Amino acid sequence: MKKAQINNEFFILSALSDGPKHGYAINQWVISTSKKAFSISPGVLYPLLYHLEKEEIIHAEWEPSTTGPQRKIYSLTPKGKKYFSQTIHEWRRFTQTIHKFI
Amino acid sequence: MTIENYIQSLGEQLKLSPGETQKVLKEIAAHLVQETASLQKKGLSREKAEERACTEFGDPAVIAKGYQKMSSWFFRTSLRVVALTLVVMVIVSEVPGRLFFALIQLFDDPTNISFDLRWFDVFIFLFYALFAVFVFLVVQKLTFSSKRLWQLLIVTLITAYFGEILYSIGYIIIGMGTDALESKIIIHLFIGQLLKIIPMIVVYLCLYSTVFKKMTLPQSSEK
């Protein structure tokens, strides 16, 4: 099967639309949801989360922890939710177009 | 490589503010600790697990560059503000300015000017006014996060400048046959308008490399 160029940003937003998560859990969610077909390299994931937070698409809060290191929990902001629904719309249009060629 | 060494190496290469760097390192350290624990559960020794977690995370130099690229957000925002300011300046200054000239020319005594430009300024004003209305209507249909909006605004700006050049050309054509001094002034005016294009091209190229060309991030691929 050919390599598929998948938008990591879309994966992150999709994972967060399912509920707040930390970086590690976002990737685990992508792996399990795609049945191990996709994953986001951590070296890509964290800079991208940083960018999305700066753009106010996602919001981050440090989760207090007694057992291990503190973790940063991400969630979608209202702007992020709107952006995600736009992205879904674009993806739907894209897949519908591709279906015409199959 | 241990997590400590990895974090130290990354910290040395990150070009963010000290506060931002601390936050980024704290988050990455938490990830590496979690990944190490996960690998240990799979039977790896602590040393091997740490090394593998760090290796899988990626080269600290590459990761640092990724953050650097992202942090250009401030630069991009600044450019957006500059571009928008320029556009607003053009629309705000050109439309009333042209209206003023159009009215002056229209109500002025035609014998006071060497060649009849009374209607020329009126048409130029109408062109700008209609274009401004068009831009306004299109902008209403776009979200402010849209890449298309910025392209549209830049096109507006460029069009306004080209409008100025056309305006000058019009003057030259209509002004042909007038005395030499006036022709010279008109040609200087035309050159001046051409020079306006240079900063515009610079702004456009800056925007192209930052705003239009969306960040090119490594894409995940099928396993």
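This report concerns the structure included in the present document. None of the values given here were measured: they were computed from a predicted structure.

The number of helices and strands found in chain A is four helices and three strands. The N-to-C order of helical and strand elements in chain A reads α-β-α-α-β-β-α. Relative to its full complement of 102 residues, chain A shows a buried share of 46%. Pairs at least 24 residues apart make up 49% of the contacts formed inside chain A by residues separated by at least 6 positions.

Attention now moves to the environment of Gln13 of chain B. Residues and elements named next belong to chain B. Inspection of the secondary structure assignment puts Gln13 in helix α1 (residues 3–13). If we ignore the near neighbours within four places in the chain, the residues touching Gln13 are Pro60, Ala61 and Ala64. Side-chain polar atoms of Gln13 contact the side chain of Ser9, separated by 3.3 Å.

Once that is clear, we can look at the side chain of Lys72 of chain A. Counting through the fold element by element, Lys72 of chain A comes out in strand β3 (residues 71–76). Looking at Lys72 of chain A, its side chain comes within polar contact range of the side chain of Glu53 of chain A, at 3.1 Å.

Below, the discussion takes up a nonpolar patch on the surface. Together, Phe94, Ile98 and Ile102 of chain A line one region of the surface with nonpolar side chains, adding up to about 330 Å² of accessible area. Structurally, the position occupied by Ile98 of chain A is in helix α4 (residues 78–101).

Residues and elements named next belong to chain A. In terms of strand pairing, strand β1 (residues 21–22) meets β3 through two bridges, oriented antiparallel. Bridge pairing in β3 places His22 opposite Ile73. Where strand β2 (residues 58–63) and β3 come together, six bridges link them in antiparallel fashion. Looking at β3, one finds that Ala60 is bridged to Tyr74.

Thresholds applied
- Residues numbered from 1 in each chain as written.
- Chains lettered and ligands numbered in written order.
- Predicted model: local features only at pLDDT ≥ 70, side-chain atom pairs only at ≥ 80, totals over all residues.
- Heavy atoms only, no water.
- Helix = DSSP H or I, 4+ residues; strand = E, 2+ residues; numbered from the N terminus.
- Buried < 20%, exposed > 50% of the residue type's maximum accessible area, 1.4 Å probe, protein only.
- Contact = heavy atoms within 4.5 Å.
- Polar contact = N/O pair within 3.5 Å; in protein donor to acceptor, adjacent residues only side chain to side chain.
- Patch = residues over 30% accessible without salt bridge, like charges linked within 9 Å, V, L, I, M, F, W, Y side chains within 5 Å.
- Areas by Shrake-Rupley, 256 points an atom, 1.4 Å probe, with all protein chains shown as cover.
- Salt bridge = Lys/Arg side-chain N within 4 Å of Asp/Glu carboxyl O.
- Pairing = 2+ DSSP bridges.

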